[in-house]
Amino acid sequence: MPPRRQRPKESPALIAFGGQMRRIREAKGVTQQSIADHTNISKAQVSRIENGTRRATRSFVEQVDRLLRADGALIKLWEDLNRNGHPVPLWFDWPKIETDAAMLVCWEHSLIPGLAQTPAYALAILHGNQEAADARLNRQAIISKQGEKDPPTLVLLIDEQALHRPVGTPETMREQLEHLIELSMLPNVTVQVVLTSGEHDGNTGAFVVATMDDRSEVAYVETAIRAITTDDPADLSMLARTLVALRSRTLTEDMSRELIRKVIQEKWI
């Protein structure tokens, strides 16, 4: 996973929509809970929409407009804040999402995922940039964090070729794969190898899907130009279908550990 990069903290368009929705709702004497019950989402999600930190879908806006008897005002505003059918983009603070997530499902087709990298592996991937490597390794604290909130359930789906691709020295690779096996023994971590054979949708890029406590989802998707974050239902549906395809090619946890051990012995000793 790439090091954290700066993203806009706010979306003026989303804040404008959320503020107008709140004003109409309060003027009508309707509670956030009433909207949540009417639209079948959580009160927390309604609050995020009004605060401008979550994008409202067209169907949600239409339901709320009817409930508030806004005479199409919310629908018109939503349309004005969209261009040619494309929603105004919303950038999430991914490290915050990652920290707060109840579950993280990660697919990586060419490298060991950042949350599972050793210091030597991360440093090699980042071309000796110690600051970036430290930032990446610090994120791994979420795997075993203690306190009021339990650590997230972490599912790492790793393409078989990532076990064979040289990163750093043979010692670096051996240490990395041994660390992967150790991680897989933690109660909240699942490591599974996806067999390389054949074509599948996962070849298009790596991604992580975060599921929050309220069951909402946010995805982090890597592209050739930059990584993006999204909670768009169409995007999430596509990633869900990709995960189904990937899991049909995935070894069990025990078989994955055995394969990793085999690669260590045959290639990295």
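Since this is a predicted model, take the numbers as computed values, not measurements.

**Quick notes on the nonpolar core**
- In this structure, Trp94, Leu104, Ile112, Leu163, Leu177, Leu180 and Ile260 are the most contacted members of the largest nonpolar core, which totals 37 residues.
- Here the element with the most residues in this core is helix H10 (residues 170-184); it accounts for five residues.
- With near-sequence residues (within four places) excluded, Leu104 lies in contact with Trp94, Glu98, Leu115, Ile142, Pro152, Thr153, Leu154, Val155, Val208, Val209 and Ala210.
- In this structure, Ala56, Ala70, Trp78 and Leu81 belong to the second largest nonpolar core, which totals 19 residues.

**Some points on the pattern of salt bridges**
- The tally for this structure, following the rule as stated, stands at 12 salt bridges.
- Glu50 is the partner of Arg22 in a salt bridge, and the nearest nitrogen-oxygen pair spans 3.5 Å. Within this pair, whereas Arg22 is found in helix H1 (residues 12-28), its partner Glu50 is found in helix H3 (residues 43-51), the two being separated by 28 residues in sequence.
- Residue Arg22 is classed as partly exposed on the basis of its relative accessible area, which comes to 24%.
- A salt bridge links Glu26 to Arg25; its shortest N-O distance comes to 3.9 Å.
- Connected through salt bridges with shared partners, the residues Arg22, Arg25, Glu26 and Glu50 form a single ionic network.

**Quick look at the packing of helix H4 (residues 58-68) against helix H5 (residues 73-80)**
- Where H4 meets H5, the closest approach of the two axes is 8 Å, and the angle between their N-to-C directions is 155°. When the axes of H4 and H5 are compared, the pair comes out roughly antiparallel. Facing H4, whose interface residues are Arg58, Val61, Glu62, Val64, Asp65 and Leu68, H5 presents Ala73, Leu74, Ile75, Trp78 and Glu79.
- Its residues placed into classes, the contact of H4 with H5 shows seven nonpolar, no polar and four charged.

**Considering the pairing of strand S1 (residues 103-108)**
- With five of its six residues buried, S1 lies for the most part within the structure.
- Pairing geometry for S1 and strand S2 (residues 153-159), over six bridges, is parallel. Each bridged residue has a counterpart across the sheet, and for Val105 the counterpart in S2 is Val155.
- One ladder, built from five bridges, connects S1 with strand S4 (residues 207-211); its direction is antiparallel. Of the residues in S4, the one forming a bridge with Leu104 is Ala210.

**Some remarks on the confidence of the model for the protein chain**
- Taken as a whole, the protein chain shows an average pLDDT of 86; of its residues, 87% reach a score of 70 or greater.
- This model gives residues 84-90 a pLDDT under 50, and the stretch forms 17 contacts once residues within four places in sequence are excluded.

**Remarks on H3**
- Gln45, Val46, Ile49 and Glu50 are the residues of H3 that are buried. End-on, the buried residues of H3 take up no more than an arc of 140°, which puts them together on one face.
- Directly after H3, the chain includes Gly52, whose backbone phi takes a positive value near 80°.

**Examining a negative patch on the surface**
- Residues Glu171, Glu175, Glu178 and Glu182 make up a contiguous surface patch of negative charge.
- Along the chain, Glu182 falls in helix H10.

Quick notes on the rules
- Residues numbered from 1 in each chain as written.
- Predicted model: local features only at pLDDT ≥ 70, side-chain atom pairs only at ≥ 80, totals over all residues.
- Heavy atoms only, no water.
- Core = buried A, V, L, I, M, F, W, Y, C linked by side-chain atoms within 4.5 Å.
- Buried < 20%, exposed > 50% of the residue type's maximum accessible area, 1.4 Å probe, protein only.
- Helix = DSSP H or I, 4+ residues; strand = E, 2+ residues; numbered from the N terminus.
- Contact = heavy atoms within 4.5 Å.
- Salt bridge = Lys/Arg side-chain N within 4 Å of Asp/Glu carboxyl O.
- Axes fitted to C-alpha atoms, helices over the stretch in contact; angles between N-to-C directions.
- Parallel < 35°, antiparallel > 145°, perpendicular 65-115°, else oblique.
- Nonpolar A, V, L, I, M, F, W, Y, C, P; charged D, E, K, R; others polar.
- Pairing = 2+ DSSP bridges.
- pLDDT = per-residue confidence, 0-100.
- Arc of directions from axis to C-beta.
- Patch = residues over 30% accessible without salt bridge, like charges linked within 9 Å, V, L, I, M, F, W, Y side chains within 5 Å.
- Areas by Shrake-Rupley, 256 points an atom, 1.4 Å probe, with all protein chains shown as cover.
- Lys, Arg positive; Asp, Glu negative; His and termini not counted.
- Charge placed at Lys NZ, Arg CZ, Asp CG, Glu CD.

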